[in-house]
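So you can see what is in the structure, the chains are spelled out below.
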Amino acid sequence: KFSPIEPSQLPPAMTTIISTLESQFSGMEDKLKGQDTVGYDDVLPELEKISHPLEFAWSIASHLNGVKNGDELRAAYEENQPKVVAASMKFSQSKPIYDALVKVQDSLQGEESKEDDFVLGQKKRAVEKNIRSMTLGGVGLEDGSPEQIRFKEIKMRMAEISNSFSNNVLDATKAFGLEVTDPEDVEGVPESAKAMWAQAHLQNLIKEEKDEGKKKELEATKVDASAGPWRITLDGPSYLATMQHLPNRELRKKIYIGYLTRASEMTANEDGKGNNIPLIDETLKLRKEL
């Protein structure tokens, strides 16, 4: 269940998970260093067991950051993202793991397996994919070299850019709202869509109201989907309903342009905050450097 999860729980949870992961991963590296013969089950299945708690927990955090984004959660997410990136790079740049995978690849190529051809093929593909991923992940860079240090800096910066990019899109989506008051503009629109827009209008009034007494009155108000007024937003369900059902061409055009120009120079603040164009340019430069 997502509802009981609080942003304050994220930092201690990630600290515990990453600490356990690093201990288990270090033990696995030491074990592989001392083995002359390495089998498939000694590497990839063990890696999956070690990495699963981090991947599971971070996927939940990422999902909540996308659908329930707020200042507290955003701050907790940004605080822990570098730790997650650093932990992931330990996997991709581990020479003991890479050497073990190469041994496994050689053994799979040379042995006459009694396994089903499909199973053997899947194992070969998994090993090959992980070796390629580690090669691209910088496993061949010398520890402590300027190249490795710069590689890590780029990876960290690209993670920051990705998070900032998503936040800008979320902020631009939240900021947009088009008020509709004329019933003719929503004629023929399904009741479910009109109810969604009417509810969005009421929620916006509640959000903007400063007087607590009036806010409580608004919270007790029941919306009339047929009479309106309505507020169209850029959230997925609202946007799709607009494009599919709204009869007013000009309103559809405003919503469409608003959706396409989210987090661009057309919607950013005067100081440029919220504009993803510079982030895209920087990402392209960093990828070229990699």
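Conventions we followed
- Residues numbered from 1 in each chain as written.
- Predicted model: local features only at pLDDT ≥ 70, side-chain atom pairs only at ≥ 80, totals over all residues.
- Heavy atoms only, no water.
- Helix = DSSP H or I, 4+ residues; strand = E, 2+ residues; numbered from the N terminus.
- Buried < 20%, exposed > 50% of the residue type's maximum accessible area, 1.4 Å probe, protein only.
- Contact = heavy atoms within 4.5 Å.
- Phe/Tyr/Trp six-rings, centres within 6.5 Å; stacked < 30°, edge-to-face > 60°.
- Expected span 1.5 Å × (residues − 1).
- Bend = angle between axes of the 7 residues up to and from the residue.

Points about the side chain of Gln-148
Along the chain, Gln-148 falls in helix H6 (residues 146-175). The buried category is assigned to Gln-148, whose relative accessible area is 6%. In this view, Gln-148 contacts Gln-93, Leu-141, Glu-142 and Asp-143; residues no more than four positions away in its chain are not counted.

So, the packing of aromatic side chains
Enumeration according to the criterion identifies 3 aromatic pairs in this entry. Aromatic side chains Phe-25 and Phe-91 sit 4.6 Å apart centroid to centroid with 35° between the ring planes, which places their arrangement in the tilted category. Of this pair, Phe-25 sits in helix H1 (residues 10-33) while Phe-91 is found in helix H3 (residues 71-92), placing the two residues 66 residues apart along the sequence. By relative accessible area, Phe-91 is classed as buried at 16%.

Describing H3
Along its 22 residues, H3 runs 32 Å from first to last C-alpha, staying within 8% of the 32 Å computed at 1.5 Å per residue. The sharpest bend along H3 reaches about 30° and sits at Asn-80, with the proline Pro-82 one to four residues further on. Residues Leu-73, Arg-74, Ala-76, Tyr-77, Asn-80, Gln-81, Val-84, Val-85, Ala-87, Met-89, Phe-91 and Ser-92 constitute the buried set of H3. The secondary structure elements touched by the buried residues of H3 are H1, helix H2 (44-67), helix H5 (117-136) and H6.

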